[in-house]
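# Examining the three-dimensional arrangement
The primary structure of each chain is shown beneath.
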Amino acid sequence: MKVLVLNCGSSSIKYQFIDTEGEVTLAKGAVERIGMSSAILTHAPKDKEPIKIVGEILDHTLAIEYVIAVLLSPNHGVIKDKNEIAAVGHRVVHGGEDFTGSVLITDRVMSVLKENIELAPLHNPPNIKGIKAAKAHLPHTPQVGVFDTAFHSKMPPHAYLYGIPYELYRKYKIRRYGFHGTSHRFVALKAANMLERPYDELKIITIHLGNGASVAAIDKGVSIDTSMGFTPLEGLLMGTRCGDLDPSIITYVMGKEGLDVRDMNALLNKHSGLIGVSGESSDMRELEAAVKEGDRRSKQAFDLFNYRIKKYIGAYIAALGGLDAMVFTGGIGENSVEVRKAVCSNMEYLGIELDLEKNEKPVGMADISAEKSKVRVLRIPTDEELVIAMDTEKIVSEQLS
Ligand code: ADP
C-alpha cells in the first residue's frame, strides 16, 4: 500500500511517501517556513533528481497541495494519479488518555483531538491543521492518526501519577504520558528481531536521543515507564529543554527575573538544555566540537547530558528487575560515539559493557557490546515514518476487510 506520511508542525510539514510492500520510501521532503513569503519545499524522489522550490506558501492546506503536486510532477514525481495515494498516516503528538493505539480518523476522533489541544498546545493544533488540509485535498482517502503517547498508555499508575493532589489528575488529566512512543516501539521490536528472542520475554531500555530525548523501560513489550511526562519537557537534558528540575525553581526564577508564564515556558523549553548550560550550541555535533577545543561549559553540558541518561538506566534496571538489551537511537544515539561511550562507562557492575572498537563505526543495526557483556548494547536507527506507514496500512486493511 502506498501511504503518504505527514508530520505537521506549526510552520513545517515533513513528508514521506512510502510503499509498505517492500518498505520502500518512494519520495521524501519537507515544506518549511509555512506562512512566510519565502517558504521552501525540498523534495527527494527515489531514483530521480531532488528539487528545491522557494515561494509563498501561506498555510498548511496550500503546503499539502504543493506536496501532492510535486508527487505528481512529470520530472520529479513518483505517481501519475492522486488516487495512487491509498492512505495518509499522520504523526499526532498527544493522544491523551483516549488513544492507546493508532486509529482511523473519524469526526469523533477529530473532536477528541480538539479536546486534547490543552494538553499539547504547541503540537496538536498543527497536527489537526494537517489532517484537515489532507482531507481537503484527498477527501476519499482514509487517514490514520499515530500517536507519540500511545505506546506508553499501559504504564501503571505508580509510573504515571505525580505526587500532587489527585484532584488535579481528575480535573485536568495531569499525569505522565510519555512521548517518542513510535520510535521506542520500533527499536524495541527490532532489538527482539536482532537478538532472535521473543519480544514478549525481553526487558529492554530504549534510549532515543535527538533534539528531544527520552528513555523508556519496556517489559515484555509493554512500556512500564518513560522519562518524558505530562509534556516532552521532563526527563533527560535535551537540545533546548531542561528536563528534570526542582519545580520550586520555576516560581523562584519568575520572581527574581520578573518573568511571566510565557517567558518562563520559553526559558525552560527553548533556552535551557545543552544550549542553556553551554551557551554554545543545542546541536550535539557542535557541542562535541566545542568540547574538543576545550570549552569548559560545553564539557559541563556534555557531562550533564550523559550523566542523566546513566541515572535513568540505573533507575529503569531497578524498575524492570533486570535487563536484556539497551538500544541507542535518534540522531545522537545513532551517531555519537562519545555519548554512547560516556553513558556506558563504569556500568560493568550492571552487566553493561561496550566494545569500544565496535562502538567506533557501527553500520545500520549493530550489536556494539563486548562479547562478555550480559546486556546486549545495540545501535538501531529509528524510522518513525515507516512505523506510521505500517500502522496506517494495517488499520486501513482491517477496515476494508
Ligand atoms: P530530531 O529530534 O529533531 O528528529 P535528530 O534525531 O535528527 O533530531 O537528532 C539531531 C541531533 O543529532 C543533533 O543534536 C545532532 O547534532 C545530532 N547528531 C547527528 N549526527 C551526529 C554525530 N555524527 N555525532 C554527534 N551528534 C550527531
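Up top is the structure.
Criteria and cut-off values
- Residues numbered from 1 in each chain as written.
- Predicted model: local features only at pLDDT ≥ 70, side-chain atom pairs only at ≥ 80, totals over all residues.
- Heavy atoms only, no water.
- Salt bridge = Lys/Arg side-chain N within 4 Å of Asp/Glu carboxyl O.
- Helix = DSSP H or I, 4+ residues; strand = E, 2+ residues; numbered from the N terminus.
- Buried < 20%, exposed > 50% of the residue type's maximum accessible area, 1.4 Å probe, protein only.
- Axes fitted to C-alpha atoms, helices over the stretch in contact; angles between N-to-C directions.
- Parallel < 35°, antiparallel > 145°, perpendicular 65-115°, else oblique.
- Left-handed = near helix turned anticlockwise from the far one by under 90°.
- Contact = heavy atoms within 4.5 Å.
- Near = heavy atom within 4 Å.
- Polar contact = N/O pair within 3.5 Å; in protein donor to acceptor, adjacent residues only side chain to side chain.
- Areas by Shrake-Rupley, 256 points an atom, 1.4 Å probe, with all protein chains shown as cover.
- Core = buried A, V, L, I, M, F, W, Y, C linked by side-chain atoms within 4.5 Å.
- Pairing = 2+ DSSP bridges.

## Regarding the pattern of salt bridges
Evaluated as defined, the whole model comprises 18 salt bridges. A salt bridge links Arg176 to Asp225, with the shortest nitrogen-to-oxygen separation between them at 3.1 Å. With Arg176 in the loop between helix H5 (166–172) and helix H6 (181–195) and Asp225 in strand E11 (residues 222–226), the pair connects residues that are 49 residues apart, well separated along the chain. By relative accessible area, Asp225 is classed as buried at 18%. Each of Arg176, Asp225 and Glu234 takes part in salt bridges that share partners, so that together they form one network.

## A short note on the packing of helix H2 (residues 107–115) against helix H3 (residues 124–137)
The relative placement of two packed helices is expressed as an angle between their axes plus a distance between the axes. H3 packs onto H2 with a crossing angle of 155° between their chain directions and a minimal axis gap of 10 Å. Relative to H3, the element H2 lies roughly antiparallel. In this structure, the crossing between H2 and H3 has a hand that is left-handed. Contacts between H2 and H3 involve Asp107, Met110, Leu113 and Lys114 from the first element and Asn124, Ile128, Ile131, Lys132 and Lys135 from the second.

## Brief notes about the site of the ligand
The environment of the ligand is formed by Gly210, Asn211, Gly212, Asp283, Met284, Arg285, Glu288, Gly330, Gly331, Ile332, Asn335 and Ser336. In the model, an oxygen atom of the ligand is placed 2.9 Å from a nitrogen or oxygen of the Gly331 main chain. Within the side chain of Asn335, a nitrogen or oxygen atom sits 3.5 Å from a nitrogen atom of the ligand. When the ligand is considered free in solution it has 580 Å² of accessible area, and contact with the protein chains removes 70% of it. Where the shell around the ligand is concerned, the elements lending two or more residues are helix H10 (284–292) and helix H12 (330–335).

## What about the nonpolar core?
In terms of nonpolar packing, the biggest core is built from 39 residues, with Ile205, Leu209, Ile313, Met326 and Ile352 touching the most fellow members. The set of elements that each furnish at least two residues to this core consists of strand E9 (203–209), strand E10 (213–219), H10, helix H11 (296–320), strand E12 (325–329) and helix H13 (337–344). Sequence-distant contacts of Ile352, that is, excluding residues within four places in its chain, are made with Ile313, Ile317, Leu323, Met326, Cys344, Met347, Ser373, Val375 and Val377. Of all hydrophobic cores here, the second largest spans 27 residues; its members include Phe151, Ala188, Ala192 and Ala325.

## Here's the deal with the sheet that holds E10
Taken together, the six strands give an open sheet; going across it, the order is E11-E10-E9-E12-E14-E13, and neighbouring strands pair in mixed fashion. The sheet is open, and its two edges are formed by E11 and strand E13 (366–367), each paired on a single side. Relative to E11, E10 runs antiparallel, the two sharing four bridges. Within E11, the position partnered with Ala217 by the bridge is Asp225. Strands E9, E10, E11, E12, E13 and strand E14 (376–379) of the sheet are contacted by H6, whose axis makes an angle of about 130° with E9.

## Side note on the side chain of Ser281
Checked against the element boundaries, Ser281 lands in the loop between helix H9 (273–278) and H10. Within polar-contact distance, the side chain of Ser281 engages the backbone nitrogen of Asp283 at 2.9 Å. Only 2.8 Å separates the side chain of Ser281 from the side chain of Glu286, close enough to count as a polar contact. Ignoring any residue separated from it by four or fewer positions in sequence, one finds Ser281 in contact with Leu274, Ile275, Glu286 and Leu287.

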